[in-house]
Amino acid sequence: MAKKWYVLHTYSGYENKVRDNLLTRIETMGLENNVFKIEIPTETVTEIKEGGKRKEVEHKVFPGYVLVRMELDDRSWAAVRNTPGVTGFVGVQGNPSPLTREEYNKIMKRSDREVPKKTSTAIEVGQSVKVISGPLSDFDGVVAEVSPDAGKVKVLVSIFGRETPVELAFDQVSTI
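Residue numbering note: each chain is counted from 1, following its sequence as written. Per-residue local features are limited, in this predicted model, to residues with pLDDT of at least 70; the limit for side-chain atom pairs, both in listing and counting, is 80 or more; totals at the level of whole chains, interfaces and linings are taken over all residues. With hydrogens and water set aside, each side-chain value is computed from the structure's full complement of heavy atoms.

Points about the packing of aromatic side chains
- Two rings belonging to Phe, Tyr or Trp (six-membered ring only in the last case) form a pair when the distance between their centres is within 6.5 Å. Interplanar angles under 30 degrees mark stacking, angles over 60 mark edge-to-face geometry, and anything in between is tilted. Applying the stated criterion across every chain, the model contains three aromatic pairs.
- For the ring pair Y6 and F89, a centre distance of 6.1 Å and an interplane angle of 85 degrees mean the geometry is edge-to-face. In this pair, Y6 is assigned in strand β1 (residues 4-10) and F89 in strand β6 (residues 86-89), connecting sequence segments 83 residues apart.
- For the pair Y11 and Y14, a centre-to-centre distance of 5.9 Å together with 70 degrees between the ring planes defines the contact as edge-to-face.
- Look at NZ for Lys and CZ for Arg. If either is within 6 Å of the ring centre and within 35 degrees of the ring normal, a charge sits over the ring. Over the ring of F36 we find K3, and its NZ or CZ is 4.8 Å from the ring centre. Under the DSSP-based scheme used, a helix requires at least four consecutive residues in state H or I and a strand at least two consecutive residues in state E, with every element numbered from the N terminus.

Structural data, given as structure tokens:
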């Protein structure tokens, strides 16, 4: 039987616990030759907190899902399916469907460390902000556009009575 990647559905937030439980069950049930690898795809996101503080955080790419590479037979299926926190396999009509090599590569590429890091911020379009650094420091404005991948916002600042769009870094503005 071939080793294939399967997707498990878990309770959201229990992915790490499911991985730990699975590793324990594999060892105690002697399934090392049936279940080979467990992956939880993650990505690093730079979050910008109040005051422009940056913090790198690991986020799960697919919350509530865990990838398992295994040889599927009745014993391995039952051991994995009955692991605490697992709600079932992803598949058609209750039958587990293996991922294709292309699907697996696509999923894991998203969690690859070489991928440019994303930026997350609480700043939203239409929100009032204050410029806290740079030549427009102390000006107030309204967010017109947010570019998380670039780490920038376009703010409409009132200069000499005219709305002027200005592109600023996330750490140059603070919410009002």
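Quick notes on the sheet that holds strand β13 (residues 162-169)
- On the basis of which strands lie adjacent, the open sheet formed by five strands has the order β13-β12-β11-β10-β14 and antiparallel pairing. Either end of the sheet is taken by a strand with one partner, and the two such strands are β13 and β14 (173-175). Averaged over all pairs of adjacent strands, the angle between strand axes in this sheet comes to 45 degrees, irrespective of strand direction.
- With three bridges connecting them, strand β10 (residues 128-131) and β14 associate as antiparallel partners. Looking across to β14, one finds that V129 is bridged to T175. What makes two strands pair is DSSP finding at least two bridges between them. Structural elements are reduced to axes, namely lines fitted to C-alpha atoms, with helices fitted over the stretch in contact, and the angle between N-to-C directions of any two is expressed from 0 to 180 degrees.

Section: helix α1 (residues 15-28)
- In this model, α1 (14 residues) spans 20 Å end to end at C-alpha, consistent with the 20 Å of a helix rising 1.5 Å per residue.
- Here α1 has its buried residues at E15, V18, L22 and I26. Along the axis of α1, the buried positions cluster into a sector of 70 degrees, meaning they face one direction only. The exposed residues of α1 that point more than 90 degrees off its buried face are K17, E27 and T28. Helices are assigned an expected span. That span is 1.5 Å times one less than the residue count. Think of it in three bands: with a 1.4 Å probe and only protein chains considered, a residue is buried below 20% of the maximum accessible area for its type, exposed above 50%, and partly exposed in between. Arc definition: directions from the helix axis to the C-beta atoms.

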